[in-house]
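Now for the letters of each chain:
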Amino acid sequence: MSQTESAAGGASYASAGVDIEAGDRAVELMKEWVKKTQRPEVLGGLGGFAGLFDASALKRYERPLLASATDGVGTKVDIARQMGVYDTIGHDLVAMVMDDIVVCGAEPLFMTDYICVGKVHPERVAAIVKGIAEGCVLAGCALVGGETAEHPGLLGPDDFDVAGAGTGVVEYDRLLGADRIRTGDAVIAMASSGLHSNGYSLVRHVVFDRAGMSLDQRVEELGRTLGEELLEPTKIYSLDCLALTRTTEVHAFSHITGGGLAANLARVVPDGLHATVDRSTWTPGAIFDLVGTAGRVERLELEKTLNMGVGMMAVVPAESVDAALTTLADRGLDAWVAGEITERGDKDSGAELVGDYAK
């Protein structure tokens, strides 16, 4: 009897394309990686219906605020699929979720993931989870559970997507944001590791459809193949940002994701103030110039879509600049003063980029 047939010769879950045994095998393969993310507050292991986190750990807070975020990595998953590399996309997922959480000053606590596939290939799923687990370690959070769903007929056998949700905690009186920002504050830029996980629909259209490039094509300006550049994991800033809040005064952070630098920075600028960022303080990486040139994409369009070499920004008092830059340098992070906060004549707030990029 075929494995896809029931004893009575009728339809079965397996004949419909769902392989439960492969799913079980994937869980076994990922357990060792999930274990590496455990914090002392986590109870139990994989296999339960819900992940458990001991909330009594929050008793040390006077007024704990829980911060929550959810996200995916967009069409970057297609680059991973085409290259057959599955153990880095999880870094992107953790970064997109946990770097949103740390913006308000919250410590990342735990995360769950959702992996949707056309067909369960246990080793591939385990590799994806390995990347998520490694990302969680870099963010200082636990991976307490997740779901792997097989969707035959909806997705092709090699297609997949990932999403995640995370939770963090911050003391009420240490909450960061627009209400802390003052005239004269400095805007510190933290370098990105590349494109991160935004704008890939534009990037893929430009490099593949317009420029006719291939993933295995070596690009001298990049110093590696196009595929290696496009799959570069998103920088995870969570612990760097938390270190900054411990060593000096920070008023706000801005995670530079979809919408670009100006739009994301504007989200933390209060009414009546304005953020000005000077392009001449840095040189965007070669990948940004490649996308702009190959697609004849105007600069403002690039800046609305891509991070242009800045993945996170911190707004700090002028007197905190030296301490902030020292902390980030000690942690091996390239950072610089990129702008300032000024008064605005009307009640509207905003952010803008001025000048030209350094050559």
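Conventions we followed
- Residues numbered from 1 in each chain as written.
- Predicted model: local features only at pLDDT ≥ 70, side-chain atom pairs only at ≥ 80, totals over all residues.
- Heavy atoms only, no water.
- Pairing = 2+ DSSP bridges.
- Helix = DSSP H or I, 4+ residues; strand = E, 2+ residues; numbered from the N terminus.
- Axes fitted to C-alpha atoms, helices over the stretch in contact; angles between N-to-C directions.
- Parallel < 35°, antiparallel > 145°, perpendicular 65-115°, else oblique.
- Contact = heavy atoms within 4.5 Å.
- pLDDT = per-residue confidence, 0-100.
- Core = buried A, V, L, I, M, F, W, Y, C linked by side-chain atoms within 4.5 Å.
- Buried < 20%, exposed > 50% of the residue type's maximum accessible area, 1.4 Å probe, protein only.
- Salt bridge = Lys/Arg side-chain N within 4 Å of Asp/Glu carboxyl O.

### A closer look at the pairing of strand S11 (residues 273-278)
Looking down a regular strand, the side chains alternate between one sheet face and the other. Relative to strand S13 (residues 335-343), S11 runs antiparallel, the two sharing five bridges. Across the sheet, the residue bridging to Ala 275 is Ile 341, located in S13. In this sheet, strand S14 (residues 350-354) lies alongside S11 in parallel orientation, the contact comprising five bridges. Looking at the pairing, His 274 lines up with Gly 350 of S14.

### Details of the packing of helix H2 (residues 76-83) against helix H5 (residues 200-210)
Their axes nearest at 8 Å, the elements H2 and H5 cross at an angle of 50 degrees. Classed by the angle they form, the pair H2 and H5 counts as oblique. Counting all contacts with H2, which are made through Lys 76, Asp 78, Ile 79 and Gln 82, the residues of H5 involved are Tyr 200, Arg 204 and Phe 208.

### Quick word on the confidence of the model for the protein chain
For the protein chain, the average pLDDT comes to 89, and 87% of its residues sit at 70 or higher. Taken together, the stretch residues 1-6 has pLDDT below 50 and engages in ten contacts with residues farther than four places along the chain or on a different chain.

### Quick word on the nonpolar core
Of all hydrophobic cores here, the largest spans 76 residues; its most connected members are Phe 160, Leu 230, Leu 265 and Met 313. With residues up to four places along the chain from it excluded, the contact list for Met 313 reads Val 187, Ile 188, Ala 189, Met 190, Ala 252, Phe 253, Ser 254, Ile 256, Leu 261, Leu 265, Val 277 and Ala 338. Core analysis: the second largest hydrophobic core is formed by 19 residues, Ala 186, Leu 242, Leu 244 and Leu 328 among them.

### Some remarks on unusual backbone geometry
Although it is not a glycine, Arg 296 adopts a positive phi angle of roughly 50 degrees. The residue Arg 296 is located in the loop between helix H9 (286-294) and helix H10 (299-305) in this model. Positive phi, close to 55 degrees, is recorded for Met 308, a residue that is not glycine. Within the secondary structure layout, Met 308 lies in the loop between H10 and strand S12 (310-316). The exposure class of Met 308 is buried, given its relative accessible area of 6%.

### Regarding the pattern of salt bridges
Pairs can form between side chains of opposite charge whenever their charged atoms are close. Summed over all chains, the structure comprises 16 salt bridges. In this structure, the salt-bridge partner of Arg 81 is Asp 159, at a minimum N-O distance of 3.7 Å. Here Asp 159 lies in the loop between strand S5 (142-150) and strand S6 (160-171) and Arg 81 lies in helix H2, a separation of 78 residues in the sequence. Among the residues examined, Arg 81 registers a relative accessible area of 30% and is labelled partly exposed. Overall, the relative accessible area of 30% leaves Asp 159 in the partly exposed class. Across the pair Asp 158 and Arg 124 runs a salt bridge whose closest N-O atoms are separated by 2.6 Å.

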